[in-house]
Amino acid sequence: MALDHAILVSLLEMPGSGYELARRFDRSIGYFWTATHQQIYRVLARMAGDGLLTVREVPQQGRPDKKEYSVAAPGRAALARWLHEPIEPESMRHELAVKIRGAAFDDPAALIREVERHHRAHSDRLAHYLAGERRDFTGPGAPGPLDAGQELQHVVLRGGIAYERMTVAWLDDVLATLHRLGATPPPSA
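All values reported here derive from a predicted model rather than from experimental measurement. (Residues numbered from 1 in each chain as written. Predicted model: local features only at pLDDT ≥ 70, side-chain atom pairs only at ≥ 80, totals over all residues. Heavy atoms only, no water.)

Asker: Any chance you could break down the overall build of the protein chain for me, citing the residues and the numbers?
Answerer: Within the protein chain, the secondary structure is distributed over seven helices and two strands. Listing each helix as α and each strand as β along the protein chain from the N terminus yields α-α-α-β-β-α-α-α-α. Compactness check: the protein chain gives a C-alpha radius of gyration of 22 Å against a globular reference of 16 Å for 189 residues, more than 25% above the reference. Expressed along its principal axes, the backbone C-alpha trace of the protein chain runs to roughly 70 × 40 × 40 Å. (Helix = DSSP H or I, 4+ residues; strand = E, 2+ residues; numbered from the N terminus. Rg over C-alpha atoms; globule rule 2.2 N^0.38 Å.)

Asker: For the packing of helix α1 (residues 3-13) against helix α4 (residues 73-83), give the residues involved together with the corresponding values.
Answerer: A packed helix pair is summarised by two numbers, namely the angle formed by the two axes and the spacing between the axes. Relative orientation of the contacting elements α1 and α4 amounts to 120°, with a least axis distance of 10 Å. By the angle class used here, α1 and α4 are oblique. Handedness of the crossing formed by α1 with α4: left-handed. Where α1 approaches α4, its residues H5, L8, V9 and L12 are matched on the opposing element by G75, R76, L79 and W82. In terms of residue class, the contact of α1 with α4 is made up of five nonpolar, two polar and one charged. (Axes fitted to C-alpha atoms, helices over the stretch in contact; angles between N-to-C directions. Parallel < 35°, antiparallel > 145°, perpendicular 65-115°, else oblique. Left-handed = near helix turned anticlockwise from the far one by under 90°. Contact = heavy atoms within 4.5 Å. Nonpolar A, V, L, I, M, F, W, Y, C, P; charged D, E, K, R; others polar.)

Asker: For helix α3 (residues 37-49), give the residues involved together with the corresponding values.
Answerer: Its 13 residues place the ends of α3 18 Å apart at the C-alpha level, agreeing with the 18 Å of an ideal helix rising 1.5 Å per residue. Those residues of α3 that fall on the buried side of the exposure criterion are I40, V43, L44 and M47. Each buried residue of α3 lies within a common arc of 105° when the element is viewed along its axis, so the set occupies one face. Away from its buried face by more than 90 degrees, α3 exposes Q38, R42 and G49. Taken together, the buried residues of α3 touch α1, α2 (18-27), β1 (53-58) and β2 (66-71). (Expected span 1.5 Å × (residues − 1). Buried < 20%, exposed > 50% of the residue type's maximum accessible area, 1.4 Å probe, protein only. Arc of directions from axis to C-beta.)

Asker: Kindly report on the nonpolar core, identifying the contributing residues and their values.
Answerer: Judged by nonpolar contacts, the single largest core of 21 residues is most densely connected at I7, L11, F25, I40, L44 and L53. Secondary-structure elements contributing two or more residues to this core are α1, α2, α3, β2 and α4. Element by element, the count of residues in this core is highest for α1, at five residues. With residues near it in sequence (within four places) discarded, L53 still touches L8, L11, L44, M47, A48, Y69, S70, V71 and A72. (Core = buried A, V, L, I, M, F, W, Y, C linked by side-chain atoms within 4.5 Å.)

Asker: Go over the packing of α2 against α3 with me, naming the residues and quoting the values.
Answerer: Running from N to C, α2 and α3 point in directions that differ by 130°, and their axes come no closer than 10 Å. On the basis of their axis angle, the class for α2 and α3 is oblique. Of the two possible hands of crossing, α2 and α3 adopt the one that is right-handed. Only H37, I40, Y41 and L44 of α3 make contact with α2, whose side of the interface consists of G18, Y19, L21, A22, F25 and D26. Looking at the contact of α2 with α3, its residues break down into seven nonpolar, two polar and one charged.

Asker: Tell me about the pattern of salt bridges, and name the residues and values.
Answerer: As enumerated under the stated definition, the model contains seven salt bridges in all. Between E68 and R56 there is a salt bridge, and its shortest N-O distance comes to 2.9 Å. Here the residue E68 occupies a position in strand β2, and R56 occupies one in strand β1, the gap between them amounting to 12 residues. Given the relative accessible area of 21%, E68 is considered partly exposed. (Salt bridge = Lys/Arg side-chain N within 4 Å of Asp/Glu carboxyl O.)

Asker: I'd love a proper account of the environment of A80, names of residues and values included.
Answerer: Within the secondary structure, A80 is located in helix α4. Among the residues examined, A80 registers a relative accessible area of 33% and is labelled partly exposed.

Asker: Report on a nonpolar patch on the surface, specifying residues and quantitative values.
Answerer: On the surface, F32, L152, V155 and V156 cluster together into a nonpolar patch covering about 350 Å² of accessible area. Here F32 shows up in the loop between α2 and α3. (Patch = residues over 30% accessible without salt bridge, like charges linked within 9 Å, V, L, I, M, F, W, Y side chains within 5 Å. Areas by Shrake-Rupley, 256 points an atom, 1.4 Å probe, with all protein chains shown as cover.)

Shown next as structure tokens:
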């Protein structure tokens with residue numbers, strides 16, 4: 001997936017400035033597609049130059065005018081073409097998994113801190129996703145019946161929640177295994 005497609009989706013959900021879009025990436029769509037603020041601004045300028053986005057100058061009091069981006073008809077058509085293209089199922093390329101297998105040839109206990117670090121990161125991400133779900137979809141301040149866009153946003157977030165729960169459970173298993181094997185010397189090469 002190109003950053004272009006993530007930007008088109010985000011701007012179709014709600015037009016906004018480059019700054020607003022970058023904040024949305026930090027808060028929601030960035031859970032599944034990351035980009036730096038500089039990348040977003042660069043791609044916005046290119047997409048506007050290619051006619052995929054329209055740009056409107058919005059006057060602001062006491063600050064410079066801001067540029068608000070929205071998706072133009074050619075941008076909507078480009079997204080529609082991409083939505084109909086098949087994509088390859090993602091394969092699991094996981095450097096930590098290779099390290100865990102390689103620990104059989106060294107000291108398994110040496111990986112405990114690294115696995116704990118990954119566990120904390122995934123636990124924190126899971127907590128963040130669950131807080132976002134409560135805020136935007138299931139909590140007392142959440143909207144009533146969801147429209148199609150909100151339903152699709154929620155199903156993607158639920159996928160992220162399920163993935164993080166699975167990863168945390170797997171890392172719990174890895175840690176238990178590493179602790180159990182920590183006293184066992186590695187096999188000789």
